[in-house]
Each structure stands twice: as C-alpha cells, then as structure tokens.
Amino acid sequence: MRRIYTNHLLCSGCRACSVACSVVHFGVADDARGAIQILRDPIAGFEYQALCRICEDPECVAACMAVALSIDRETGRVLFDRDRCIGCAMCVMVCPHHAIVPDRRAGKAIICDQCDGREVPACVTACSTGAIEFIEVEEEAGVKR
Amino acid sequence: MPQSPITHYAIVGAGTAGVTAAEAIREVDPSGEILLINGEQFPPYCRPLIVEVLKGERTFDQIHLRDADWYKEKKISLLNGDPATKLNTTEQTLELASGNTVRWDKLLVTPGSKPAFPRIDGLEDVPVFTLYRQEDVERLKPRCKPGAKAVLVGIGLIGLQAMSALREMGVDVVAVELQKKVLPLILDAKAAKYARQRIEESGVEVQLMTSIKKTWAANGLKHPYKALTSGGEEIMFDFLVVSTGMKPDFSLLEGTGIQTKRGIKVSGDMQTSVPNVYAAGDVTEYHDWTEGRSDVHGHWVNAYRQGRVAGLSMAGAKPVPYDPVYLNSLNIFGLPVITMGSSRVDRPKNAQVHVSDVPSRFAYTRMVLRDGKLVGATFVNDVNRAGVFQYLMREKVDIGDVVKSLFNREFLGMEFLYNHHEKAIRGDVEWPVSMDLIERYEKDQSHTRWGAKEKEQGNKK
Ligand SMILES: Cc1cc2nc3c(=O)[nH]c(=O)nc-3n(C[C@H](O)[C@H](O)[C@H](O)COP(=O)(O)OP(=O)(O)OC[C@H]3O[C@@H](n4cnc5c(N)ncnc54)[C@H](O)[C@@H]3O)c2cc1C
C-alpha cells in the first residue's frame, strides 16, 4: 500500500495542500478544512505537517464512541464513515499526530482518507516544493492488529 | 494433525467492552465458540449515543455497535434480552433468565455499571428517570415537552448530557450538585466556572452545594410534584432525573470468589482472581497512576481497550497490557472541553500547575506536571492540540524543560513533536531534495533573520 510522507525541510508553509484537500473533499477553498494542516512554529521556523500517519494501533479507532472509525485490516488504513460521526472530538483527544481536525461548523471530524479513489492525493499534487510524497511501502505480511 | 478441542467462550454484557472482546477472540481463535450474552432486548449499541437519540438527532437504528450481519460473519452467537442470572465459577456455568444453562471454558464479565441513587425521602412517589440505557430514553422521551420542568440531581458527565438534551427539547431544568463546582470529578475550579457560566447561559438553573431532601406529589399545581432542597427551597417539577454517578454492577458476582474493591480487581491481561474468569470495562477498577490510586473511572476508551486486551488474552495471545488514563471529551452547550488524567484537583501536591487563560475567548488550558511528567490536562475551547498531550502523558515523556513552549500558542513546540514521530512522518523516502531550498530553510531554522537577498530569492521562487 502507499503512504503519504512529508519533509518539513522542503515545506514552505504555503498551505496549498490544505486548500487542495478542502476543495477535493468539500468543494470549498478553506485551508482550515483540510485533512492536512500546516502548523507553523514561527520562532523555530518550523513547519509541521499534521495529517493521518496511519498508526499501527490507531487510538482514534479505540476512542470513537460512534464507531465511525474502523480499521481496514487489509491495508491498515483508518476508514471514516462521516454519517456516523457525531463530532464528539474523542478522536481529536487521542490522536498523537495532531492529525484530526474538528470541523466545528459541520460538527464532524475531518480525517485523511488518502483521497480514496484518486490515484495521487490532492495534497501531493498541489505541493510545489516536493515536500509531500506518496510512496509505496512494504506491507508486513498479514497485518493483524 | 490431531484436532484441538474447541474452546467455549462466554461474554456477559454486550457493551463496547464485550463486543470488542468478541472481535478480538475471533481474530486469534477462528474456531472457538463465542456466546455474547446481551441482557438488554435491544441489540448492542453505542451507549453514549443514546443522548443523541433522546435529542432526536439519531434513531436507535443508527447507533448499533455493529450491523446484524457482522455477528453472523464472525460466527458470534448473540443472545439478546436474556441476562445471566447466576454464575457458578466451580462448575464453570451460567444460568440465564430464560432458564437455560451455559457451560464455559473462558468467561468474560463486562456488565458495566448502574446508576447510584441518592437518598431522597419520597422518591418512590414521583416520576424518576436515569439515563444509561436504551429503555431509559424510550421512557424519558415522551416526558420531554416544551414547558415541562425537570429537577436534575447531580451535575456530572451524564447530568451534563441529560441537561443539554432536555434544554434542546425546551424543558426547563433546575440542576443541583452537592459539591461546590460542576463536573467535580474532572474539572478544576476555574474550568468549572467557565462550564457553569455556559450551563447557566443555556437557561439551566444551577444550585451548587445543594441536595434534594424530599419529594412528594402536590396535586393541582402547574407542575404536579414538589422537591425540597437542602437550602430549604421548594421546587415544583414534572419529573426528576438522577445523575449522581454510576457504580459497578456486581450483581452476578455473589458467592463466586471474584475479588472486588471499588470495582473488579484485574491483572494486566484482565484476569480476575478466579481462574478462567476475565473482566473488562466500567465494572473494573484500575490503578490510575496520574492520581496514584486505584479507582473506577469508567469511560469509553478504557472499555474498548480493556475489552480488546481481555479478548486477545482469553484466546491465548499475549497482548500488551493497557495502562489507562482517565479521558473525557465533552461539549458544554457548544463549548468543547477535553480533560485527561488528574485534572480535577485544584491544588495538587508535589506538582507544578501551568495555566493559560484568555477569558474573552473562553480559552483555558491547564497542565499539571509531576517530576516533569504530565499527569493532568484540561483544554477548554482550544482543544485541537489535546491529542498530542494525551500522547505525551501516556508515554510519560519528560516535558519539564519544554512545557512552557509546548504551552504557548505562538511557539507550538512542533519540532519536539516532530522528533517524537520522525519515522512516521519522513518514512524511508529518498527525498528528491532541491539543494537551494534546503539551504534556505536551514538558514531559517538557525533563527537568522531573512535578509534582503533571501527575500528576493524567495520572491522569485
Ligand atoms: C448517557 C451516557 C453518556 C456517556 N458519554 C460518554 C462519553 O462521552 N465519553 C466516554 O468516554 N464515556 C461515556 N459514557 C460511558 C461509556 O458509555 C461507558 O464507559 C462504556 O459504555 C462502558 O462499556 P462497558 O462495555 O464496560 O459497559 P456497558 O456499555 O455499560 O455495557 C454493559 C452491558 O452489560 C449488560 N449486563 C449487565 N449485567 C448483565 C447480565 N447479568 N447479563 C447480561 N448482560 C448484562 C448491561 O445491561 C449492558 O448492556 C457515557 C455513558 C452514558 C450512560
């Protein structure tokens, strides 16, 4: 399966990725509604790319009391059923990667789905500095979690 | 190959702990027989979401834990509406309400908890409701008419959810709480002040340090019942909601030798003191290292995690034990609040407290550190970063030196976070680096200011 990786040294903090993500998923250009967020630390000059890193034992899945999140046992990916989400922010509370965005207006979580259905995720295409890559990783045989 | 005998697993209670355990057993043991005994008529559901059903935002059919097909697919025999009535741990049997007896090799008890009732004279003479299972919602919902008046006893986690549902349906609410702050088990005084303000703005009348002494039918009035508070006030009402906490359900344990104190005592792999009997979820007590004592802090994440560990170890795997931390995410009439660990103590001993408070924005963050480690955290309104701190707390990372910077909105400590997750972020990617970019950003990293030249370069890019 393929994974999204990022390199902070190459990130200019332009947020084109977040905008592209929100366009593809919600039809609006709103960086605050992107499943990838660039968190800028202005003093250290550091750009942190916050997005789902597909944990081995995802805490968000354990925390989701609406069972809107589940694990795709084949790929290890976290699946999100937006209709079931009640916006309780339990997932936000436990995500170690700062990767889940509470969309307070919609009362739903925003979570990366690797642009399911697109060959290359929108954020990867939108990045002009090469800071986001979509790479094939070797699968541990028969991932069971 | 000789066939190994089939193991008979029985699970009493089909909440999240029970269902997660069944799933985990099946992952390890493809052939064992799994009997999931659900004491409720209604198939297993997401318990906290009954509040959404009460509000009318979901129907019961939308809050199932799993669809009906899932149980078939996993070959889990689900028995709805047939509670276990007697447990015999020497014979390894269970008697069910239907009269059937079940034999088991491995048993998991996940009966959850039951509401604790306060002592109130005449409680049996007035309509009293609790809010913890499907039936409660079916009973309560028809009462929730605009203009009806409810007395709510106990402003804890369930009380809060009950009152927000009641307000949404136009019910007038008088809420009393014995302690001197709302949500006393999770909020410090300042956070509780914000919470109380929000609750009162919604129209709920809050009375702290107050209990209900007596209730009675007082016919012929606008609201047919009356309650007497400890402050001597008489309140008219239509129904009363009790939300004074939950206590573990021990009703099946009598004479079994299963050791309990506040909750069932369990080992790291969720075994009770009786061989082949496991327990998980709200019924157990655990060592809360953030508070340095054992207690029952039932919450969803714990029930799920413990259920999973129990299921895996029942089926013979060696799961990593789960070390629980008390976690809560709540919504106080639109104000998001997250708490973790020991967040309720106002003046914790041997600990430093760091606070950031922006009253104009209702934004309040509080962190409690002991020996450099985070043992308690509260996020009011500004909750997005909570997960990072949950991670730092759970991993017991020493953040004593960086706490100030992690705390500050202007300096998020992202580099610190990056260092903790480097592999997941960068992967083993051969980064197609453009050298001039790298140089530019490395310069930026070393805190030098951008000169005119760099700016020009940057503009050209
Ligand atoms: C209204 C409400 C809101 C909540 N909100 C939150 C929240 O926002 N966040 C959070 O973390 N937690 C919340 N909780 C707590 C959360 O629901 C529990 O921590 C969790 O459901 C515990 O799971 P469990 O499997 O241990 O027990 P339960 O879900 O209580 O399941 C136990 C089941 O066992 C059954 N049972 C008992 N005895 C028997 C028997 N003898 N035979 C057969 N069956 C039996 C019970 O009827 C019940 O169905 C909330 C709870 C309530 C009631």
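Our subject is the structure listed above.
All values derive from a computational prediction rather than experimental measurement.

**Q** Lay out the pattern of salt bridges with the relevant residues and their values.
**A** All names here are of chain B. Under the counting rule described, the total for this entry stands at 30 salt bridges over all chains. Here Lys181 ties to Asp346 by a salt bridge, and the two come within 3.2 Å at their closest N and O atoms. Of this pair, Lys181 sits in the loop between strand 11 (172-177) and helix 6 (189-201) while Asp346 sits in the loop between strand 22 (335-341) and strand 23 (352-358), and the two are 165 residues apart along the sequence. The exposure class assigned to Asp346 is partly exposed, which follows from its relative accessible area of 34%. Between Asp382 and Arg385 there is a salt bridge, with its nearest N and O atoms 3.6 Å apart. For the pair formed by Asp382 and Arg385, the shared burial category is buried. When salt bridges with common partners are traced through the structure, they connect Arg262, Glu291, Arg293, Asp295 and Arg344 into a single cluster.

**Q** Let's hear about the site of the ligand: which residues, and what values?
**A** Near the ligand, the surroundings consist of 30 residues, among which Ala17, Glu40, Arg47, Asp282 and Trp300 of chain B are the closest. Site remark: the ligand is flanked by residues from chains A and B. Take Gly39 of chain B: an N or O atom from its main chain is 3.1 Å from a nitrogen atom of the ligand. Protein contacts shield 90% of the accessible area of the ligand, which totals 1,000 Å² for the unbound molecule. Within the residue set of the shell around the ligand, elements represented by two or more residues are helix 1 (16-28), helix 5 (157-168) and helix 7 (300-314) of chain B. In terms of residue class, the shell around the ligand is built from 16 nonpolar, 10 polar and 4 charged.

**Q** Would you mind going over the pairing of strand 14 (residues 225-229) of chain B in detail, with residue names and values included?
**A** Residue and element names in this part refer to chain B. Among the 5 residues of strand 14, 4 are classified as buried, and the element is accordingly described as predominantly covered. Judged from the 5 bridges that link them, strand 13 (residues 212-217) and strand 14 form a sheet pairing that is antiparallel. The residue bridging Trp216 from the neighbouring strand is Lys226, located in strand 14. Turn length for the strand 14-strand 15 (residues 234-237) hairpin, with the two strands adjacent in sequence and antiparallel, is 4 residues, and the turn residue Gly232 shows positive phi of about 90°.

**Q** So what's going on with helix 5 of chain B? Which residues, and what values?
**A** Residue and element names in this part refer to chain B. Helix length check: helix 5 (12 residues) gives 17 Å between terminal C-alpha atoms against 16 Å at 1.5 Å per residue, within 8%. Gly159, Leu160, Ala162, Met163, Ser164, Ala165 and Leu166 are the residues of helix 5 that are buried. Gly170 sits one or two positions beyond helix 5 and adopts a positive phi of about 85°.

**Q** Would you mind going over the environment of Gln62 of chain B in detail, with residue names and values included?
**A** In this structure, Gln62 of chain B sits in the loop between helix 2 (50-55) and helix 3 (68-73). A C-alpha to C-alpha distance of 28 Å links Gln62 of chain B and Ala386 of chain B, two positions 324 residues apart in sequence. Other than its neighbours up to four places away in sequence, Gln62 of chain B contacts Arg84 of chain A together with Glu57 of chain B.

**Q** Mind laying out the sheet that holds strand 9 (residues 128-129) of chain B, listing which residues take part and the relevant values?
**A** Residues and elements named next belong to chain B. The parallel open sheet is built from 5 strands, whose spatial order is 9-16-10-11-12. Of all strands in the sheet, those with a lone pairing partner are strand 9 and strand 12 (205-208), marking the two edges. Here 4 bridges tie strand 11 to strand 12, and the two strands are oriented parallel to one another. In the strand pairing of strand 12, Val176 is matched with Gln207.

**Q** Before we move on, could you go through the packing of aromatic side chains and cite the residues and values that matter?
**A** Residue and element names in this part refer to chain B. This structure, assessed with the given rule, holds 9 aromatic pairs over all chains. Where Trp70 meets Tyr71, the ring centres are 5.1 Å apart and the plane angle is 90°; that geometry is what we call edge-to-face. Residue Trp70 is classed as buried on the basis of its relative accessible area, which comes to 12%. The structure contains a cluster of three or more aromatic residues connected by ring pairs, namely Phe42, Tyr45 and Phe60.

Each value, and the rule that gives it
- Residues numbered from 1 in each chain as written.
- Chains lettered and ligands numbered in written order.
- Predicted model: local features only at pLDDT ≥ 70, side-chain atom pairs only at ≥ 80, totals over all residues.
- Heavy atoms only, no water.
- Salt bridge = Lys/Arg side-chain N within 4 Å of Asp/Glu carboxyl O.
- Helix = DSSP H or I, 4+ residues; strand = E, 2+ residues; numbered from the N terminus.
- Buried < 20%, exposed > 50% of the residue type's maximum accessible area, 1.4 Å probe, protein only.
- Near = heavy atom within 4 Å.
- Polar contact = N/O pair within 3.5 Å; in protein donor to acceptor, adjacent residues only side chain to side chain.
- Areas by Shrake-Rupley, 256 points an atom, 1.4 Å probe, with all protein chains shown as cover.
- Nonpolar A, V, L, I, M, F, W, Y, C, P; charged D, E, K, R; others polar.
- Pairing = 2+ DSSP bridges.
- Expected span 1.5 Å × (residues − 1).
- Contact = heavy atoms within 4.5 Å.
- Phe/Tyr/Trp six-rings, centres within 6.5 Å; stacked < 30°, edge-to-face > 60°.

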